Each structure stands twice: as structure tokens, then as C-alpha cells.
Amino acid sequence: MCSLLGWGFLCCLLLLFSSGVQGAPGTPSAAPEQVHLSYPGEPGSMTVTWTTWVPTRSEVQFGMQLAGHLPLRAQGTFSTFVDGGVLRRKFYIHRVTLRGLLPGAEYVYRCGSAQGWSRRFRFRALKNGVHWSPRLAVYGDLGADNPKALPRLRRDTLQGMYDAVLHVGDFAYNMDQDNARVGDRFMRLIEPVAASLPYMTCPGNHEERYNFSNYKARFSMPGDNEGLWYSWDLGPAHIISFSTEVYFFLHYGRHLVEKQFHWLESDLQKANKNRVARPWIITMGHRPMYCSNADLDDCTWHESKVRKGLHGKLFGLEDLFYKYGVDLQLWAHEHSYERLWPIYNYQVFNGSQETPYTHPRGPVHIITGSAGCEERLTPFALFPRPWSAVRVKEYGYTRLHIRNGTHVHIQQVSDDQDGKIVDDVWIVRPLHGRRMYL
Ligand SMILES: [Fe+2]
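Residues numbered from 1 in each chain as written. Predicted model: local features only at pLDDT ≥ 70, side-chain atom pairs only at ≥ 80, totals over all residues. Heavy atoms only, no water.

A word on the UniProt feature "domain: Purple acid phosphatase C-terminal" (unreviewed entry) in the protein
Right, so step 1: Taking the UniProt record as the reference, the feature "domain: Purple acid phosphatase C-terminal" (unreviewed entry) is found at residues 362-423.
Right, so step 2: Helix makes up 0% of residues 362-423 and strand makes up 47%, while its end C-alpha atoms are separated by 20 Å. (UniProt positions renumbered as here; feature names shortened; annotations may be inferred. Helix = DSSP H or I, 4+ residues; strand = E, 2+ residues; numbered from the N terminus.)

What to know about the sheet that holds strand β6 (residues 90-98)
Right, so step 1: Overall, antiparallel pairing links the four strands, which are arranged β1-β2-β6-β5 in an open sheet. Both edges of this open sheet fall to β1 (33-38) and β5 (77-82), since each of them pairs with a single strand only. On average, adjacent strands in this sheet sit at an angle of 20° to one another, irrespective of strand direction.
Right, so step 2: As paired elements, β5 and β6 share six bridges and run antiparallel to each other. Pairing of Thr-77 across the sheet is with Arg-95, part of β6.
Right, so step 3: This element, helix α3 (residues 177-194), spans β1 and β6 of the sheet and lies at about 55° to β1.
Right, so step 4: In this fold helix α4 (residues 209-218) packs onto β1, β2 (46-52), β5 and β6, with an angle of close to 40° to the strand it touches most, β6. (Pairing = 2+ DSSP bridges. Axes fitted to C-alpha atoms, helices over the stretch in contact; angles between N-to-C directions. Contact = heavy atoms within 4.5 Å.)

Notes on the coordination of the iron ion
Angles at a metal have ideal values that depend on geometry: 109.5 degrees with four tetrahedral donors, 90 or 180 degrees with six octahedral donors.
Right, so step 1: Protein coordination at the iron ion comes from Asp-170 (OD), Asn-205 (OD1), His-286 (NE2) and His-333 (ND1), with a distance range of 2.1 Å.
Right, so step 2: Every donor counted, the four donor atoms about the iron ion form angles of 90 to 165° at the centre, which fits irregular coordination.
Right, so step 3: Read N to C, the donor residues that coordinate the iron ion are spaced as D-x34-N-x80-H-x46-H. Taken together, the positions of Asp-170 in the loop between β12 (164-167) and β13 (171-172) and Asn-205 in the loop between β14 (199-201) and α4 put the pair 35 residues apart, joining distant regions of the chain.
Right, so step 4: Under the relative-accessibility criterion, Asp-170 is labelled buried at 1%. (Donors = N, O, S within 2.8 Å, 3.2 Å for Na, K, Ca; no water. Tetrahedral: all angles 85-135°; square planar, octahedral: opposite > 155°, others 65-115°. Buried < 20%, exposed > 50% of the residue type's maximum accessible area, 1.4 Å probe, protein only.)

Digging into the side chain of Asp-156
Right, so step 1: In this fold, Asp-156 is placed in helix α2 (residues 150-158).
Right, so step 2: Residue class for Asp-156 comes out buried when judged on its relative accessible area of 5%.
Right, so step 3: Discounting chain neighbours no more than four positions away, the residues touching Asp-156 are Met-161, Tyr-162, Tyr-397 and Arg-399.

Things to note about α2
Right, so step 1: When α2 is considered as a whole, its buried residues turn out to be Leu-150, Arg-152, Leu-153, Asp-156 and Thr-157. For α2, the buried positions fall inside an angular range of 160° around the axis, keeping them on one side.
Right, so step 2: As for α2, its buried residues are in contact with β10 (135-139), β11 (142-143), α3, β26 (396-402) and β27 (407-414).
Right, so step 3: Immediately beyond the C-terminal end of α2, within one or two residues, lies Gly-160, with a positive phi of roughly 70°. (Arc of directions from axis to C-beta.)

Describing the state of the cysteines
Right, so step 1: Overall, the coordinates contain one disulfide when judged by the stated rule.
Right, so step 2: What pairs with Cys-291 in a disulfide is Cys-299, and their sulfur atoms sit 2.1 Å apart. On the sign convention where negative means left-handed, the S-S torsion of about 75° between Cys-291 and Cys-299 marks this disulfide as right-handed. In terms of burial, Cys-291 and Cys-299 fall into one category: buried.
Right, so step 3: Here Cys-202 is not cross-linked by a disulfide; its sulfur's nearest cysteine counterpart is in Cys-299, at 14 Å.
Right, so step 4: Owing to a relative accessible area of 0%, Cys-202 belongs among the buried residues under this scheme.
Right, so step 5: With no disulfide of its own, Cys-373 has Cys-299 as its nearest cysteine by sulfur position, at a separation of 15 Å.
Right, so step 6: Look at Cys-373 and you get buried, because its relative accessible area is 1%. (Disulfide = S-S within 2.5 Å.)

This is the structure:
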């Protein structure tokens, strides 16, 4: 009995020291960490999100001079996050939205409060309107261990190669692990990229724990749906992010499948009304509809859930995306890179034999989940399927350049080959008759 009490006391002490403390026991810190940006969808704005270990005010000081005084101020709020792990670690997530930014201008900022400030970071405000050429880095499945693509992504970011990042689900492996310390470590790791570029996300299966609570708390995506699904405009493109996970973790609410589906349809209708201005419709979701990997994942099944919906008939996304003329579908989950021929219902709809991606008659799918994580790469099935155009089993990430209303450039960077471009393709779609493939 005595020894049980002793253990109980020791556990309590450990809990006291561990919760709300960064990494190891010590004094909780008011210094901001895990700083990252996101675009809230409103032209001329940018949201800064960060973590502290004690509650503090949430302020961003910013300006356009590299050194010296930062004349502009924006205030925000924080929310208290309690992780679902046994230690119930508690930390504070701050969100401040900067508004009235000059399109394309470079800003310097720091975040925090009088109790502690971050170092200074730089970012470029997104340009307004439709007549510019956004450049994006796109990848999924990036872990806190074995994050192969990260060093090159950091260098690319420093060189100003991108306007935004799309992280197509699966972070850290996993953010909830070790009482969410793995999440903290991951968010610190991506800071050199994510504090300089809007880091736009969608949830993957690795975010599932405690009803996606780490994902919802740590990122700040547009809309009021905790980043599960949302859309935003970027130059000549409308980008839709959604959760494939609603089809798999039904215990968090079967109704989410239907709710998201209806939201997607209404968003696609609106996007099509605006198609003359923003011709490209690009989707991002974690688990692909198709893939030719050698595993038993959903995408290897003929009637995959994402493609055909629940029970092979309820709320499938292929018909919906085809009907509304989605141009490009970005996926991850498989730890490899695969480009598909334009496809609908297993049929290849190339524009022509010579130029398959010019006037494609079906959506183009890119699966880019090889940024690097502890699970390493996923092998492919021995024989590629007829709809599979290119397969690369190497670490890397995708560069997506939305050149204008008719041209999109996709390149795959290989980290195994020191940054070599291992796939390079242009999608060309005319402006007229853009709405439907039918
Ligand atoms: Fe995944």
C-alpha cells in the first residue's frame, strides 16, 4: 500500500513538472516558438500562429525595414490547448492576422509579447488579383524523423522560390506522439519554411488521434471549420482543401462525409461561376483515389472510398470533381510520386497522343507523398497501370507553377538525386468551355 502511494506521489510530481513545460522540466517559457504563417483568404492579409508555454498577450510587430524599429502592430488572441495524452500537456496557441498588407511587398515581423519576443522573420505578402503566376511547393507525409525534403525546402524558401506551401496531410508522425512533444519538435523543424511562407494544410490519417485535435489547434486555415475543409484563391487558381479522413474515421461523425460533400459541391459551383477570372480549380486531399503502389491502401482498390464514396455509392468524389471540371487533384499518403494521365472512371482521357496534357478531357492527378518520414518510401506494384504516366520512388517534393490562366507547370524534385528534376510536365487548358469535361 505504502509503495503504491509512493508511486502515486511520484507520478503526480512527474505530471506537475511535465505538463505545460517545453520538452524537459523547467520554467515554463513565454518565448514564442513554432512560428508559422497561413493565408486567411482575405486579400492583403496573413495570419501568424505560434506557441507559448504560459498564457501571454498575442502581438505581432511588423514593418518593411530589415533592421531597426518595427512600426506596425497587430493584436490577436490565444487559445489554450490541452493534449489528449496521459500527461495532458497544456500550451497556448496564439493567432494574429495582419491586414492591409501591400501586395507583393516584403515584410519583417516578430511575434510575442512584453514577456518574450520571437526572432525576426521575413515574408512576402501575396499578390492580389488574378494576373500573376503563383509558385508553390507541394508535398505530404513529412515527419519529424527522416524529413528528407526539408533542407532543400529551407534553401528554396531562403531563395524566394515560392509564394506558398501546400502540405497535403500527414505531419510529424505523429503530432500527438509522446504527449504531443513530437508535434512541438515538428513545428520547430518546419519553422524556417513555415514562418516565411503561408503553410497551407489538409488533414491526413496521422492526425487522427483525439479527433484531429493537434491538427486543428496548431494550424490556422481559412474559414471556420478548423482547417478540415476550406478553399482560397491564389492568382488564376481556386484551391480547395478537404479531408479524405472523414471517409475512414466514421466514429468522429458519419455526418461529416455528407456535410463536406455538400460544401464541396457548393464551393465548386461558386468557383465555376468565377471561372473566367480564375480558370484553374485545384484540389488537395490526403488519400488518393488511384495509385499503383504495392500495398493494400484505399487507392489500390478498384472502388476506393475516396473515389466512389461509402459503400461504393455515397458521396464519392470522382463524379463530383469531374462534373465541375476540376483541373488538378493533389494527393499524398503513398510515400512516392506518381503522375496519372488525365483520367475518369479508369479511362484515360488524354488531350492527344502527342500532347496528352494539352486540352486534357479529364482531371490530372499527382500523388506526392515522398517528403520523408520514419515510414520511409512505399514500393510500387511491379507493373504500372495503363493510367499511370510516371512513377518515382525517391524522396522529394513537387513544384507547382500556376503560370497563367491556361498553363500550369509541374516539376518533381528528387532529394535522392540532389535536387534533380525527375518529372516535368505542363498542363494546358483553354479558357473557353472550361466548366465541364463532358
Ligand atoms: Fe497517410
